[in-house]
Amino acid sequence: MKSISQIFPQFDPDLLQFIERVAKEVDFHEGELLMRPGQYFKNSLIILEGRVKLYREGENGEEFFLYYLEPGNACALSMICATKNEASAIKAKAVTNGKALAIPLQHMDTLMRDHRNWYYFVLETYRSRFEELLTVIDQIAFHSMDEKLEFYLKRQFSTLGNPLTITHQQIADDLNSSREVISRLLKKLESQNRISVSRNAISNINL
């Protein structure tokens, strides 16, 4: 695994020393729930290794995919909840095995006050996730399901690579749709020679 200074080259030595002193390295495993709706935070997590998937959960248990967290990323929503001592409204699930830095909540004020590089890191985290969420909201509000699926697949290929190892049901769950609808739309894209669909895998041809 890369060192903390390699993952966060923007952090100055004083900040790195502070984080190394107060933070704890934790392991997570594929399929593990790292964050649940209604959960209160004792730590803010920064991903060092692996990938985590974030969802918004509806009143009836339905889920909608928001974004991934990868090495060097922190969850802006968890930072907000942690700072304001509010319960989480999202679910985070590990896609792979990995490691994270857990920074206890009581150190957040010190980090923001005394370490300008951390302050900039938090602002950039808020900015990038806010822009990503605006894009997701735009897709939900103003586009048809076939456009949502195309947007979703492009994000998945960009993050996870080509081909994707994924089931039609997983896509349906992420888009809060039905497997039948997703299968029909995937066949449509395949008939246009834009993707190739096989069992539990999708390849990008010209998406």
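Reading the values: the criteria
Residues numbered from 1 in each chain as written. Predicted model: local features only at pLDDT ≥ 70, side-chain atom pairs only at ≥ 80, totals over all residues. Heavy atoms only, no water. Core = buried A, V, L, I, M, F, W, Y, C linked by side-chain atoms within 4.5 Å. Buried < 20%, exposed > 50% of the residue type's maximum accessible area, 1.4 Å probe, protein only. Helix = DSSP H or I, 4+ residues; strand = E, 2+ residues; numbered from the N terminus. Contact = heavy atoms within 4.5 Å. Pairing = 2+ DSSP bridges. Axes fitted to C-alpha atoms, helices over the stretch in contact; angles between N-to-C directions. Patch = residues over 30% accessible without salt bridge, like charges linked within 9 Å, V, L, I, M, F, W, Y side chains within 5 Å. Areas by Shrake-Rupley, 256 points an atom, 1.4 Å probe, with all protein chains shown as cover. Salt bridge = Lys/Arg side-chain N within 4 Å of Asp/Glu carboxyl O. Polar contact = N/O pair within 3.5 Å; in protein donor to acceptor, adjacent residues only side chain to side chain.

**Remarks on the nonpolar core**
- Of all hydrophobic cores here, the largest spans 21 residues; its most connected members are I19, I103 and W118.
- Contributing elements (two or more residues each) for this core: α1 (4-7), α2 (13-22), β3 (43-49), β7 (98-104), α4 (108-114) and α5 (116-142).
- Per-element accounting of this core gives the leading share, five residues, to α2.
- Those residues in contact with W118 that sit more than four places away from it in its chain are F11, L15, I19, I46, M79, I103, M108, L111 and M112.
- Within the second largest apolar cluster, 19 residues are counted, among which are L153, L164, L186 and I195.

**Topic: the sheet that holds strand β1 (residues 24-28)**
- What the three strands build is an open sheet, ordered β1-β7-β3; its pairing is antiparallel. Either end of the sheet is taken by a strand with one partner, and the two such strands are β1 and β3. Each strand of the sheet is rotated relative to its neighbour by a mean of 35°, with strand direction disregarded.
- Where β3 meets β7, six bridges bridge the pair, whose relative direction is antiparallel. From the neighbouring strand, N43 faces β7, where its bridge partner is P104.
- Sheet contacts for α2: β1 and β7; angle to β7, the most-contacted strand, approximately 95°.

**So, a nonpolar patch on the surface**
- There is a patch of nonpolar side chains on the surface, built from M112, Y119, Y120 and L123 and spanning about 350 Å² of accessible area.
- Among the elements that take part in the nonpolar patch, α5 stands out by supplying three residues, more than any other.
- Assignment of secondary structure puts L123 in helix α5.

**Quick word on the side chain of T125**
- Counting through the fold element by element, T125 comes out in helix α5.
- Classification of T125 as buried rests on a relative accessible area of 7%.
- Reaching out from T125, the side chain makes a polar contact with the backbone oxygen of F121 at a distance of 2.8 Å.

**Overview of the environment of E70**
- For E70, the location among the structural elements is in the loop between β5 (63-69) and α3 (76-84).
- On the basis of relative accessibility, which here comes to 26%, the residue E70 falls in the partly exposed class.
- Residues E70 and K154 lie 84 residues apart in sequence; the distance between their C-alpha atoms is 17 Å.
- Excluding its chain neighbours within four sequence positions, the residues that come into contact with E70 are I47, G50, R51 and T159.

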